[in-house]
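# Architecture at a glance
Listed below, chain by chain, are the residues.
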Amino acid sequence: MIVSWNELQRTCQKAFRGLGVPAGVDDESSFAVLWLQARGLDALTPLDAALSMLEHMPPRPLEFGLDGGGSGVNVLDAGGQNAVSVASDAIDFAIARATERASRAEVLVSQVEGAVFIAGTLAQRRAPGRCAAVQWRDDRVRRRLEVAPDGACRVAVASPDGADFSGGPGRSAVRISIDGSGRYRWPERDRSWRTDIDESELERQVMHSLSHGIDVPDTLWSGLMEFARRTLVPATRESRERGAGGGNDVD
């Protein structure tokens, strides 16, 4: 079915709330879904998986460690959680590390599902004056969302035989890079990466989805609505007499 931007975002927000996602995170996660899907990046397939995972795996803190290779890259272990649960904390941590060091910071989020949601979250939580990037694996393709200091975005891809950043058997991982100086318009990258979707194409996708709406599979929409209904309370005679949130106060 075709839904509007606002309808998709609000329904996702209510569904996340119904699944117990913390306040604030539900806002960012629902916007991440919209941001990605409106730009032609598939967020609905991982969203379908996220709904099931969130129902059976309540959010828990990331575990912190250092990269065993001695590179100084900070590793945050999500323990198999969905990125909806950990994206905000991981990005905040990466930005804080870059600010603290006044230099480039790299954070590897391992054992995380639905990695694309971290990219969608970074797009709305960029570090002012700094370049930022998120790398993740989409099937067999490695993708990289790059965010310039002015907020412009582009998507790059790399060959499957490039450098690996696997988070473990059967799991994906996400690498977050924040440049401490912001001296470049775009993050630096090696030549194995090429621009796949430039900023003008992303904007064209936005205009198309804004005017035509977003096509959401019926089964996914039904699932979203089911979880969204958990935010409702039963109507009773007392609630109807008092009105929503009325309590016992009388003007």
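Refer to the preceding data block for the structure.
We now turn to the structure provided with this report.

Reading guide: rules and limits
- Once a new chain begins, its residue numbering starts again from 1 and follows that chain's sequence as written.
- Only residues with pLDDT of 70 or above have their local features reported here, since the model is predicted, and side-chain atom pairs are shown and tallied only from 80 upward, although totals for entire chains, interfaces and linings are computed over all residues.
- Only hydrogens and water are removed before side-chain values are computed, so all heavy atoms of the structure are retained for them.
- Inter-axis angles, ranging from 0 to 180 degrees, are taken between N-to-C directions of lines fitted to C-alpha atoms, where helices are fitted over the stretch in contact.
- Numbering of helices and strands starts at the N terminus; helices are DSSP runs of H or I of at least 4 residues and strands are runs of E of at least 2.
- Should an angle fall under 35 degrees it is taken as roughly parallel, and over 145 as roughly antiparallel, whereas 65 to 115 is taken as roughly perpendicular and any remaining angle as oblique.
- Helix crossings fall into two classes, left-handed where the near helix is turned counterclockwise from the far one by less than a right angle and right-handed where it is turned clockwise.
- Any two residues whose heavy atoms approach within 4.5 Å at even a single point are treated as in contact.
- Under the scheme applied here, ten amino acids are nonpolar (Ala, Val, Leu, Ile, Met, Phe, Trp, Tyr, Cys and Pro), four are charged (Asp, Glu, Lys and Arg), and all others, including Gly, are polar.
- Salt bridge, as applied in this entry: a Lys or Arg side-chain nitrogen positioned within 4 Å of an Asp or Glu carboxyl oxygen.
- For each residue, the accessible area found with a 1.4 Å probe, counting protein chains only, is set against the maximum for its type, and the residue is called buried under 20%, exposed over 50%, and partly exposed in between.
- For two strands to pair, DSSP has to find at least two bridges joining them.

The interhelical angle for the contact between helix α1 (residues 5-18) and helix α7 (residues 218-228), taken along N-to-C directions, is 55 degrees, at an axis separation of 7 Å. One finds that α1 runs oblique with respect to α7. As for the relative orientation of α1 and α7, their crossing is left-handed in sense. Contacts between α1 and α7 pair E7, L8, T11, C12, K14, A15 and G18 from the former with W221, L224, M225, F227 and A228 from the latter. Among the residues making up the contact of α1 with α7, the classes are represented as eight nonpolar, two polar and two charged.

Turning our eyes to something else, we now look at the pattern of salt bridges. Within the structure shown, the criterion is met by 15 salt bridges. A salt bridge links R143 to D196, with the shortest nitrogen-to-oxygen separation between them at 3.6 Å. You can see R143 sitting in strand β6 (residues 141-147) and its partner D196 sitting in strand β9 (residues 193-197), a full 53 residues away along the chain. We classify D196 as partly exposed; its relative accessible area is 36%. Here R185 ties to E199 by a salt bridge, and the two come within 3.2 Å at their closest N and O atoms. With a gap of 14 residues between them, R185 in the loop between β8 (172-178) and β9 and E199 in helix α6 (residues 199-212) connect regions that are remote in the sequence. Ionic contacts of the salt-bridge type, sharing partners, join the residues D138, R143, R194 and D196 into one network.

For strand β4 (residues 105-112), the tally of buried residues reaches six of eight residues, placing the bulk of the element in the interior. Where strand β3 (residues 74-77) meets β4, four bridges bridge the pair, whose relative direction is parallel. Residue pairing across strands places L76 opposite V109, the latter belonging to β4. Bridge count for β4 against β8 is six bridges, and the pairing is antiparallel. In the sheet register, E106 faces β8, and the bridge partner there is S177.

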